[in-house]
Amino acid sequence: MTVAFERANAHEPSERGGERHHILTVLVENKAGVLARVAGLFSRRGFNIFSLAVAPTDDERFSRITIVVDVASAPLEQIVQQLDKLVNVVAITELAPADAVQRELLLATVEAEPDARSQVIQLVGVFGGEVLDVGPDRLTVMLAGPPDTLDSFERLLDTYAAVEIQRTGLVALPRLDPGPPGARRRHEPARLGRIGDPRSG
Amino acid sequence: MQLTGAQALIKSLEMQGVDVMFGLPGGAILPVYDPILGSSIRHILVRHEQGAGHMAEGYAMVTGRPGVAMVTSGPGATNIVTPLSNAYMDSTPLVVVSGQVSTAAIGTDAFQECDITGVTMGITKHNWLVTRAADIPRVVAEAFHVATTGRPGPVLVDVPKDVSTSTMEWYWPEPEDLDLPGYHPATAPDAQDVAAALTLMGQAERPVLYVGGGVLKSRGAESLRALAERTGFPVVTTLMARGAFPDSHPQCLGMPGMHGNYTAVTAMQRADLLVALGARFDDRVTGRVDAFAPGARVVHVDIDPAELHKVRRADVAIAGDCRIVLDALLDAMDGQSAGQGSDRLAPWWDRIHEWQARFPLYYESADQPPIKPQMVVEELRDRADPGTIVVAGVGQHQMWASQFWRFEDPYTWVNSGGAGTMGFAVPAAIGAKVGRPDRSVWAVDGDGCFQMTAQELVTAAAERIPVKVAILNNAYLGMVRQWQEMFYGERYSEVYLSPDLPDYVKWAEAMGCVGLRAESPEEVGPAIDKANAVDDRPVVVDFRTDAFEKVYPMVPAGAPNDAIVVHPAHERLAR
């Protein structure tokens, strides 16, 4: 299950992946209340979340939270250090957008009278999405892709009356072939750790 | 061995070496109170849960051991939220055990239910809701480990009633059994950082050692003194670090900050190097941040990496335990030639001595009533046993106590720094006396503060804990009054209390204490002597002090430290 909340400035693709937004993948213990601890930390310290997605990993002891943070609200270093103080946070990895595989899921219900339907289906096809549901005058479609592709898709869908659009917030993993040195920084929780990030290569 | 969760909880506290805890029972925690009857742990029954929390803090601050408090669910737990917040701000190790409604009732708005782990998430270092009796020993061991290691702080363990009553097979966890995969406090510094710090220290011409509470938390006072004497650097001790370096030492400049003395404030402003040791550039120290110590490079040592670069960008940032870092600096200096820069620092010391001579701490003494509050602190100081522990609440009296007491030893000063919790002094003094029964403990309190938590003197009288309380009774919420006088055009809004309502002497006597009063300056010394002679019950002395007296110097809130306002008499001198 992927949970998402709080999206702002969804139509500012130029900001995404730029100076302002940074991706943190945060490995946390899979325990009750951990998401509240992370969200509460951002709230009480005045750090802004652009998007947040959380799901269990294949190791049931841990979940991974992918947070896109707005560093206009606080220096990234301060956000990382405060996050690292949460006892349930096991490891934090900062992913430079250029050095990460990013995906986000979009679901949209669109007004599509029978005469417009084929155009919508065609558009979905061009982007490599899927039609999930068909009603008499509406379609529900899905697209998974990098966030800026979803932005473009969303703008084009707006040409047809989009009734409802839901996006998940992005999830990301490091590219297998890392970029230039220093582009990807791993924030070690501490020097004396017993367990590092069991998920990292 | 089969134990109930309640028995396992008390046994776990015993295994942690807990000798005393402060608390008040109620429905959800009832099962845990039963095995207390057969325990080696002394339980002190408070009159309000806030008192239990502050007592545990006072105990922790003077002993260095974690304070332990126990409360019931709902209002019992919310009443200890203020002490948790206070301990979080001042990094005091505290373990609070709260009762919770049964697991089946959680989330149903049951009687005395409160989501206390949710409430205290932001003001504890960590908290736990225990869901199985079998987890209790491990969670207690984790709680003490988290509270006392790294940057110390408060933790809370919430125990539902059915968890206390169900049974488990007793065990005591080994360190490797603790389930804390994300908790790795930094302790030892990088050698490179230490070398970089030494380089800056070797170049500095106007250095200041900016000492915070972290030096006390790390038991680093001796190492600090060695480093100070080895370098010849001047030392300022923040409100949380009073006693970390002796006030009588020629290199001690005293307290910096909003009500710091002129020399400590100005030396930091003019410094070319600040070596911050376990200090966090609090706004009460820096004044307006962008105008703070504008010419200084910064070496910042803190065990909490999140403090580094948080307020002020450091030139050298060292994440580590202050004592270990101090010792590493000293070790590294052993490799260098001795006689570090006494000549180099001479002009700096000349300027410092000039400031000290021109702007000492000052008040205009009086031989007629009302009593000058600063005089009470000086008389208390001059008549105190060596090693006396001083405890303060929050406000003018706190600042005068910090300014006019002479702190010679670590762990002799207990106050509420970061949170600014009025009412802290009486219960914290009780906790301090429990932790150090061999020491005299004087609470210097305000009349406003005293009225918030005075009921704990009943606890002290019942438990024969002979603390002494000096009320600097100016019949006002004095610090607020001072701000209204200075910054709100003398429009006094809701700050007048009363010198006589309540009658503090009668109130003290009603609570089983000795009650004394001093109304004129010549009565101050004899009243203190009388109080010092009592050792079998608490004493309260009502000192009728001058309501017009203000705390000087003062840096107005939000102003740069260069805008320091000195005592009017000094201002006249300066012109």
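Refer to the structure presented above.
Every value quoted in this text rests on a predicted model; they were computed, and no experiment measured them.

(A) Spatial organisation of the overall build of chain A. Scanning chain A from terminus to terminus reveals 4 helices and 11 strands. In chain A, which comprises 201 residues, the share counted as buried stands at 44%. Pairs at least 24 apart in sequence give 76% of the contacts found in chain A among residues at least 6 apart. By element, 52% of the accessible surface of chain A is carried by carbon and sulfur atoms, the whole surface being about 9900 Å².

(B) Fine view of helix H11 (residues 221–231) of chain B. Residue and element names in this part refer to chain B. For H11, the full list of buried residues reads Ala221, Ser223, Leu224, Leu227, Ala228 and Thr231. Along the long axis of H11, the arc covered by the buried residues comes to 160 degrees, so they all point the same way. Of the residues one or two after H11, Gly232 is the one with positive phi, at around 75 degrees.

(C) Representation of the nonpolar core. Residue and element names in this part refer to chain B. Counting residues in hydrophobic clusters, the biggest one holds 63 residues, and the most contacted among them are Leu209, Val211, Leu224, Leu274 and Leu277. Among the elements that line this core, the one with the most residues is helix H14 (residues 322–334), at 6 residues. Residues contacting Val211, with those up to four places away along its chain left out, are Leu224, Val235, Val236, Thr237, Thr238, Ala241, Ala244, Leu277 and Ala279. Formed by 51 residues, the second largest nonpolar core is a distinct cluster that contains Ala77, Ile80, Ile389 and Met511.

(D) Inspection of the sheet that holds strand S5 (residues 94–100) of chain B at higher detail. Residues and elements named next belong to chain B. One open sheet holds the 6 strands; their spatial order is S3-S2-S4-S5-S7-S6, and the pairing between them is parallel. The open sheet has two free edges, formed respectively by strand S3 (42–45) and strand S6 (126–129), since each of these has just one partner strand. This sheet shows a mean twist of 20 degrees between the axes of neighbouring strands, independent of strand direction. Bridge analysis of strand S2 (residues 20–23) against strand S4 (residues 67–71) gives 2 bridges, and the strand direction is parallel. Directly across from Gly23, in S4, lies its bridge partner Met70. Helix H3 (residues 49–63) rests against S2, S4 and S5 of the sheet, and its axis sits at about 170 degrees to S4. Those strands touched by helix H7 (residues 136–148) are S4, S5, S6 and strand S7 (154–160), and its axis lies near 165 degrees from that of S7.

(E) The arrangement of the interface of chain B and chain A in detail. Listed per partner, the contact involves 27 residues of chain B and 26 residues of chain A. Both faces combined, the contact of chain B with chain A buries some 2100 Å², and carbon together with sulfur accounts for 48% of it. Counting the surface chain B buries against chain A, the share from its top three residues, Met121(B), Pro181(B) and His184(B), is 30%. Our count for the contact surface shared by chain B and chain A stands at 3 salt bridges. Of the charged contacts in the structure, one is a salt bridge between Lys31(A) and Asp179(B), with a shortest N-O distance of 3.4 Å. Of the residues contributing to the side of chain B that touches chain A, the split by class is 12 nonpolar, 7 polar and 8 charged.

What counts, and where the lines are drawn
Residues numbered from 1 in each chain as written. Chains lettered and ligands numbered in written order. Predicted model: local features only at pLDDT ≥ 70, side-chain atom pairs only at ≥ 80, totals over all residues. Heavy atoms only, no water. Helix = DSSP H or I, 4+ residues; strand = E, 2+ residues; numbered from the N terminus. Buried < 20%, exposed > 50% of the residue type's maximum accessible area, 1.4 Å probe, protein only. Contact = heavy atoms within 4.5 Å. Areas by Shrake-Rupley, 256 points an atom, 1.4 Å probe, with all protein chains shown as cover. Arc of directions from axis to C-beta. Core = buried A, V, L, I, M, F, W, Y, C linked by side-chain atoms within 4.5 Å. Pairing = 2+ DSSP bridges. Axes fitted to C-alpha atoms, helices over the stretch in contact; angles between N-to-C directions. Buried area = accessible area lost by both parts, 1.4 Å probe. Salt bridge = Lys/Arg side-chain N within 4 Å of Asp/Glu carboxyl O. Nonpolar A, V, L, I, M, F, W, Y, C, P; charged D, E, K, R; others polar.

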